[in-house]
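Chain residues, written in single-letter form:
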Amino acid sequence: MLDLDINQFWKDDALAHKENCFSKEAPQVALGIRMSDECVFAELGEEGQPWGYTDPIRRYDLNCRYNEKAVKIVGIPLLAENKPEELPKITIPAFRQIGEVFGGEYIFENETTWLKGNLNDETDLKKKLDEIDRMLADPEAFRSFILPKNWDEQCRAVYEMYGTRPNQFTGIRGPVTLATSVYGVENLLFLYYDDEALFTRFSETIKNVIHAYITLFIKESGHTEDNFEHGFWLCDDDSNLLTPEMYHAFGYPILKSVFARTAPNPEDNRFQHSDSAMGHLMPQLNDFNLTGCNFGPTISVREIRKCMPHTRIDGQLAPFTFMSNDEQAIITEVRRDCEQAKENDLRGLNISTAGSINNGSLLTSMRTVMAAIQNYGRYSR
């Protein structure tokens, strides 16, 4: 077991996150792992659905108990403790998600929510794109489709009671994953070869729908086109399924347009999560000067840094290594990543799992990561 000075670790970690983890003042590699609500069940030996619904009263109890344990093991509480009686009595209503615009359905199955598509062939796709294009031509029709009938009344009540407005639209399940979900993986890949015009039209419509959401929620949040909060993120796991040529025709134009509008300044957040093998697409993604990325564990810190020299790397600890709670395996991977981040003093590494943190990942494993950073992730001063 590696030695760990917890108090010193957190002092150093606060400095490590400065300047997007690139600060020359940072004494060590940054830690991005903060666990998640999903982890309470295995940690506490409780039954539950990590990705499903948990009653607020039970959630409060679980998180409080988890935090008590976290303070003892890693030195700080990690999860929100929202007392049920203090939760809002009225909230912003749910609205239709982007998958529903393309005829998909969100269903809860196998303890998580999936987007199920209903477009089976090119005829279905063309018909749906025609419908969407007609709706986009009328902003009021789009607004009526997306927002529930009680939207204005309930949002007004929330504002009067709490002084809060709806959030802006600042992120999306990435364009390729959206397309494969509503149309199918094989269908999308074959479409590039069978009908490239329809392939690019599909991309163009997705781009236009994203912009329509952005426009709608800039207004609903009380902002204007000249004064809104910048930044955008994407979770696009399936983008790795496209060849560079396919991606340049489908995903690239969407990101280029959306980032240009929502994150035009160097410091604006531009983030992509794709917990898959993204090596062949990194050169294109570097064009957008991403401020942060989270890619799959088969790509090394060295490879990412070579292609994306100015992007914060949230990784590259394999989620299944972290969840295995194998101390030596965790140390080996974290040491590897720290040493690659220190090569030529490049920095910019934020040790995180290269993908989601899953139930079964224990606080003792987080402590192991902290110890590995403190022992092997010290930058030269």
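Data block above holds the structure.
In this text, all values refer to a predicted model and were calculated from it rather than measured experimentally.

Caption draft 1: Structural context of empty space enclosed by the protein. Applying the stated criterion across every chain yields a total of 1 cavity of 30 Å³ or more. Val301, Arg305, Ile313, Gln340, Ala341, Arg347, Gly348 and Leu349 together form the lining of the largest cavity. Broken down by secondary-structure element, the contributors of at least two residues to the lining of the largest cavity are helix 13 (301–307) and helix 15 (327–342). Residues that form the lining of the largest cavity fall into these classes: 4 nonpolar, 2 polar and 2 charged.

Caption draft 2: Fine view of unusual backbone geometry. Here the bond from Gly315 into Gln316 is cis, since omega is -5°, no more than 30 degrees from zero. With respect to the helices and strands, Gln316 occurs in strand 8 (residues 312–317). With a phi close to 50°, Asn289 is a non-glycine residue in the positive phi region. Mapped onto the fold, Asn289 is located in the loop between helix 12 (282–285) and strand 7 (292–295). The exposure class assigned to Asn289 is partly exposed, which follows from its relative accessible area of 32%. Even without being glycine, Asn325 reaches a positive phi, approximately 60°. Tracing the sequence through the fold places Asn325 in the loop between helix 14 (319–324) and helix 15.

Caption draft 3: A look at the nonpolar core. Ranked by size, the top nonpolar core spans 103 residues in total, and within it Leu31, Phe102, Phe202, Ile210, Met366 and Val369 carry the most contacts. If you tally residues by element for this core, the top one is helix 10 (residues 196–220), at 12 residues. The contact partners of Val369, leaving out residues within four places of it in the chain, are Leu31, Ile33, Leu317, Phe322, Ile330, Val334 and Ile351.

Parameters at a glance
- Residues numbered from 1 in each chain as written.
- Predicted model: local features only at pLDDT ≥ 70, side-chain atom pairs only at ≥ 80, totals over all residues.
- Heavy atoms only, no water.
- 1 Å grid on protein atoms, 1.4 Å probe; cavity = no way out; pocket = protein on both sides within 12 Å on 5 of 7 lines; lining within 4 Å.
- Points joined across faces, edges and corners; volume = space filled by probe spheres on them.
- Helix = DSSP H or I, 4+ residues; strand = E, 2+ residues; numbered from the N terminus.
- Nonpolar A, V, L, I, M, F, W, Y, C, P; charged D, E, K, R; others polar.
- Buried < 20%, exposed > 50% of the residue type's maximum accessible area, 1.4 Å probe, protein only.
- Core = buried A, V, L, I, M, F, W, Y, C linked by side-chain atoms within 4.5 Å.
- Contact = heavy atoms within 4.5 Å.

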